[in-house]
Amino acid sequence: MSPLAATPEPPYVAVVFSSVRTGPDAGYAATSARMDELAAQQPGYLGIESARDADGFGITVSYWADEAAAAAWKQVAEHLVAQQRGQDVWYADYTVRIATVERAYTRADSVTSDTGTGGAEQG
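Reading the values: the criteria
- Residues numbered from 1 in each chain as written.
- Predicted model: local features only at pLDDT ≥ 70, side-chain atom pairs only at ≥ 80, totals over all residues.
- Heavy atoms only, no water.
- Phe/Tyr/Trp six-rings, centres within 6.5 Å; stacked < 30°, edge-to-face > 60°.
- Helix = DSSP H or I, 4+ residues; strand = E, 2+ residues; numbered from the N terminus.
- Pairing = 2+ DSSP bridges.
- Axes fitted to C-alpha atoms, helices over the stretch in contact; angles between N-to-C directions.
- Contact = heavy atoms within 4.5 Å.
- Core = buried A, V, L, I, M, F, W, Y, C linked by side-chain atoms within 4.5 Å.
- Buried < 20%, exposed > 50% of the residue type's maximum accessible area, 1.4 Å probe, protein only.
- Arc of directions from axis to C-beta.
- Polar contact = N/O pair within 3.5 Å; in protein donor to acceptor, adjacent residues only side chain to side chain.
- Salt bridge = Lys/Arg side-chain N within 4 Å of Asp/Glu carboxyl O.

A.B. asks: So what's going on with the packing of aromatic side chains? Residues and values would help.
C.D. replies: Under the defined criterion, the tally for this structure stands at eight aromatic pairs. Measuring from centroid to centroid gives 6.0 Å for tyrosine 28 and tyrosine 91, while their planes differ by 90 degrees, and the two rings are edge-to-face. With tyrosine 28 in helix H1 (residues 28-39) and tyrosine 91 in strand E4 (residues 91-101), this pair connects stretches of sequence that are 63 residues apart. Centroid distance tryptophan 64 to tryptophan 73: 6.1 Å. Interplanar angle 25 degrees. Geometry classified as stacked.

Have a look at this one:
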């Protein structure tokens, strides 16, 4: 299974969560896994990609069918509890950015295009 989200053709919404962890796990791993599971059950959920380095800096991008679906996820009760725990315990700092994806392409698109550049000439 690829760690890359299988998203549909644009447009769709990306919620980019960049964070710096405080250090101790304090239940973080279990809550993170639960949030991934819970998000996948929400209407309009398309997928998620996440990475964290050894110094505690991480980026998680969740993909949603539209802005309303992303906004609804932010208000799910169990997610609200996790957000508060993040503010109180897990994150030294974070930023959330919401963007509309207008163009997307994959390595496979580049390999199969006539020019060999896929969507690269546009992005």
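The rest of the description comes next.
A.B. asks: Account for unusual backbone geometry, naming residues and giving values.
C.D. replies: Outside of glycine, negative phi angles account for most residues, and trans bonds account for most peptide bonds. Residues proline 10 and proline 11 are joined by a peptide bond in cis, for which omega reads 10 degrees. Relative to the elements of secondary structure, proline 11 occurs in the segment before strand E1 (12-21). For alanine 26, which is not glycine, the phi torsion reads 45 degrees and is therefore positive. Here alanine 26 is to be found in the loop between E1 and H1.

A.B. asks: Just give me the short version of the sheet that holds E4, but keep the residues and values in it.
C.D. replies: Reading across from one edge, E2-E3-E1-E4 is the order of the four strands in this open sheet, with antiparallel pairing throughout. The open sheet terminates on both sides in strands that have one partner only, identified here as strand E2 (45-52) and E4. Each neighbouring strand pair of the sheet contributes to a mean axis angle of 15 degrees, computed without reference to strand direction. Looking at chain direction, E1 and E4 are connected through 10 bridges and run antiparallel. Residue valine 16 lies in a different strand from E4, and its bridge partner there is arginine 97. Lying on the sheet, H1 is in contact with E1, E2, strand E3 (57-64) and E4; it crosses E2 at an angle near 160 degrees.

A.B. asks: An account of the nonpolar core is requested, with residue identities and associated values reported.
C.D. replies: Among the nonpolar cores identified, the biggest contains 11 residues, and these are Val13, Val15, Met35, Leu38, Ala39, Trp64, Ala69, Ala70, Trp73, Val76 and Ala82. Taken together, the elements giving at least two residues each to this core come down to E1, H1 and helix H2 (67-74). In terms of nonpolar packing, the next biggest core, distinct from the first, is built from six residues, Ala5, Tyr12, Ala14 and Tyr63 among them.

A.B. asks: Residues and numbers for H2, please.
C.D. replies: Within the span of H2, buried status applies to Ala69, Ala70 and Trp73. Down the axis of H2, the smallest arc covering the buried residues is 100 degrees, so these residues share one side. Exposed positions of H2 whose direction lies more than 90 degrees from the buried face are Glu67 and Ala68. Buried-residue contacts for H2 involve E1, H1, E3 and helix H3 (77-90). The N-terminus of H2 is capped by aspartate 66, whose side-chain oxygen sits 3.3 Å from the backbone nitrogen of alanine 68.

A.B. asks: Account for the pattern of salt bridges, naming residues and giving values.
C.D. replies: Inspection of every chain in the model, using the stated rule, returns two salt bridges. Between arginine 34 and glutamate 37 there is a salt bridge, with the nearest N and O atoms lying 2.5 Å from each other. In this pair, arginine 34 and glutamate 37 both sit in helix H1, three residues apart, roughly one turn of the helix. Glutamate 37 gets classed as partly exposed once you look at its relative accessible area, which sits at 45%. For glutamate 78, the salt bridge identified is with arginine 34, shortest N-O distance 2.8 Å. Here arginine 34 lies in helix H1 and glutamate 78 lies in helix H3, a separation of 44 residues in the sequence. For arginine 34, a relative accessible area of 27% puts it in the partly exposed group. If you follow the salt bridges from partner to partner, you end up with Arg34, Glu37 and Glu78 in one network.

Treat this as a map of the structure, not an account of what it does.
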